[in-house]
Amino acid sequence: NHYVAIMAGGIGSRFWPMSRTAFPKQFLDILHTGRTLIQSTYDRYLQFIPNENIYVVTSTEYADIVKKQLPDLPAENILCEPSRKNTAPCVAYIAHKLQLINKEGLLICAPADHLILDAPAFTKVCTDAFDFVDSINALVTLGIKPTYANTGYGYIQHEAMPVADHVYKVKTFTEKPNLELAKTFLASGDFLWNAGIFVWKVKNIIKAFEKFLPEMNEVFVAEKEHFNTTTEQEAIERIYPQCTNISIDYGIMEKADNVYVVPSSFGWSDLGTWNSAYENMEKDYFGNAVAGKHVMIIDATKNVVHAPDKKLILLQGLDDFIVVDTHDVLLICKKEKEQEIKEYVAEVKRNK
Ligand code: GDD
Ligand code: MG
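Residues numbered from 1 in each chain as written. Chains lettered and ligands numbered in written order. Predicted model: local features only at pLDDT ≥ 70, side-chain atom pairs only at ≥ 80, totals over all residues. Heavy atoms only, no water.

Chemist: Describe the sheet that holds strand E12 (residues 289-291), listing the residues and the values that go with them.
Modeler: Spatial ordering of the open sheet is given by E12-E14-E16-E17, a layout of four strands whose pairing is mixed. Both outer strands of the open sheet, E12 and strand E17 (330-334), are each paired with one neighbouring strand and no more. Averaged over all pairs of adjacent strands, the angle between strand axes in this sheet comes to 5°, irrespective of strand direction. (Pairing = 2+ DSSP bridges. Helix = DSSP H or I, 4+ residues; strand = E, 2+ residues; numbered from the N terminus. Axes fitted to C-alpha atoms, helices over the stretch in contact; angles between N-to-C directions.)

Rendered as structure tokens:
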């Protein structure tokens, strides 16, 4: 009865230039652990979800990378999207497909690119959340105690009293607030970060689509007879151009009134930006985190450096910078500007 959809179609643009559209960060071993982010994610779910119930939803262009990195995953569990429409269509796709396989199915929709250090604690939180959504119509998300005013996350405020073991009703959900608002949220001590890991019953997330994204939902319903048949991919090719580009956070989580949160601590990091990688990397005495065999650092502090092993990089007098060298791009960027890397990449593409 338990399923997971690993959402792996993003392009990880804030991790540029290491993460590239053709090979985004979920397929990289950012922290040098020996497994790529999607492989670690898969390993984590395999602890409590049967292999045949693990799905990966990604862009058609990444299907071969997924096959190669997850050789034990059944090939038919790799769902291919013809275009990038953010996470709402991705969730609609897996939900409509599973509804026909298992009406009472329970589903986790999760990012492919997070770091989770405490796997047993994570399993426990997920199984608690599964139990909860099995009993009531709830959209559950996992919440993380915030540590700074990150504007790339969703912020969740919940009721004081739990409604079940570790589960709280959500009062407000604010996706990607501006810095001022994020600071206010943090200062109030009343908010959690949205981990972006969602747990719900398949039929209940479809109910939410009916209510909040009815047009998108209709497009999937209209092609329903093709799901789980040989014509599924053709149907998807017809469906996607008709879907709006919107995330599940903006499209549903901000609007629904049956959202619940399980406050969690399992050593979570989004690894969404260079700063989050920095926080999870080993640092030298001066707070520099370095990946690369030949990096020399002189009078420089708190930098994060990624360099190809074959090249010598010498850093002098630099503090709080991101330095990333790849075969064709060198990035030198203030750490505090990391959220803007996304826009710089867009600018680079425009000027090409
Ligand atoms: N299949 C598919 N298709 N996957 C996608 C697509 C798509 O079009 N777009 C993004 N994804 C995948 C990404 O690869 C990632 O694994 C996951 O969906 C989440 O997308 P992000 O683009 O990384 O979202 P975010 O980090 O800006 O925000 C989300 O995560 C935060 C925590 O990390 C939101 O849920 C926030 O509220 C949350 O705080
Ligand atoms: Mg992310």
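Chemist: Describe unusual backbone geometry, naming the residues involved and giving the relevant values.
Modeler: The linkage connecting Trp16 with the following residue, Pro17, adopts the cis geometry, with an omega of 0°. Its identity is not glycine, yet Asn86 carries a phi of approximately 70°, on the positive side. Take Asn86: it is sitting in the loop between strand E3 (78-81) and helix H3 (87-101). Judged by relative accessible area, Asn86 falls into the partly exposed class, the value being 40%. Backbone geometry places His166, a non-glycine residue, at a positive phi of 65°. (Buried < 20%, exposed > 50% of the residue type's maximum accessible area, 1.4 Å probe, protein only.)

Chemist: Quick rundown of the packing of helix H6 (residues 202-212) against helix H7 (residues 214-222)? Include the residues and the values.
Modeler: At a closest axis distance of 6 Å, the pairing of H6 and H7 adopts a crossing angle of 125°. As judged from the angle between their axes, H6 and H7 are oblique. Counted together, Ile206, Phe209, Glu210, Lys211 and Phe212 of H6 and Pro214, Met216 and Asn217 of H7 form the full contact between these two elements. Tallied by class, residues from the contact of H6 with H7 come to five nonpolar, one polar and two charged. (Parallel < 35°, antiparallel > 145°, perpendicular 65-115°, else oblique. Contact = heavy atoms within 4.5 Å. Nonpolar A, V, L, I, M, F, W, Y, C, P; charged D, E, K, R; others polar.)

Chemist: Could you give an account of the site of ligand 1, naming the residues involved and the relevant values?
Modeler: Around ligand 1 sit 28 residues, and of these Glu81, Glu175, Asn194, Asp249 and Asp270 come closest. Measuring from an oxygen atom of ligand 1, one finds a backbone N or O atom of Asn86 at 2.9 Å. Surface burial for ligand 1 is 91%, taken as the share of its 730 Å² of free accessible area covered by protein chains. Residue assignment for the shell around ligand 1 shows that the elements contributing at least two residues are strand E2 (54-59), H3 and strand E9 (191-201). Per-element accounting of the shell around ligand 1 gives the leading share, three residues, to E9. (Near = heavy atom within 4 Å. Polar contact = N/O pair within 3.5 Å; in protein donor to acceptor, adjacent residues only side chain to side chain. Areas by Shrake-Rupley, 256 points an atom, 1.4 Å probe, with all protein chains shown as cover.)

Chemist: Tell me about the nonpolar core, and please be specific about residues and values.
Modeler: Core analysis: the largest hydrophobic core is formed by 50 residues, its most contacted members being Ile6, Tyr45, Ile108, Phe122, Val140, Ile197 and Trp268. If one sorts the elements of this core by residue count, helix H4 (residues 119-135) sits on top with seven residues. Beyond its immediate stretch of four places on either side in the chain, Ile6 contacts Ile38, Thr41, Tyr42, Tyr45, Ile54, Tyr55, Val56, Val57, Ala110, Pro111 and Ala112. If you look at the next biggest cluster of nonpolar residues, it comprises 44 residues, including Ile94, Ala95, Ile248 and Ile252. (Core = buried A, V, L, I, M, F, W, Y, C linked by side-chain atoms within 4.5 Å.)

Chemist: Summarise helix H8 (residues 232-239); cite the residues concerned and give the values.
Modeler: For H8, the complete set of buried residues consists of Glu232, Ala235, Ile236 and Ile239. Taken end-on, H8 shows its buried residues confined to a sector of 100°, consistent with a single buried face. Where the residues of H8 are buried, they touch E3, H3 and H7. (Arc of directions from axis to C-beta.)

Chemist: Give me the pairing of strand E7 (residues 154-158): which residues, what numbers.
Modeler: E7 sits mainly inside the fold: five of its five residues count as buried. Here E7 shows no split at all, with Gly154, Ile156 and His158 on one side and Tyr155 and Gln157 on the other all buried. In the sheet, E7 pairs with strand E8 (residues 168-175) via five bridges, with the strands oriented antiparallel. Each residue of the ladder has a partner; that of Tyr155, found in E8, is Thr174. One ladder, built from three bridges, connects E7 with E9; its direction is antiparallel. Within E9, the residue paired with Ile156 across the bridge is Leu192.

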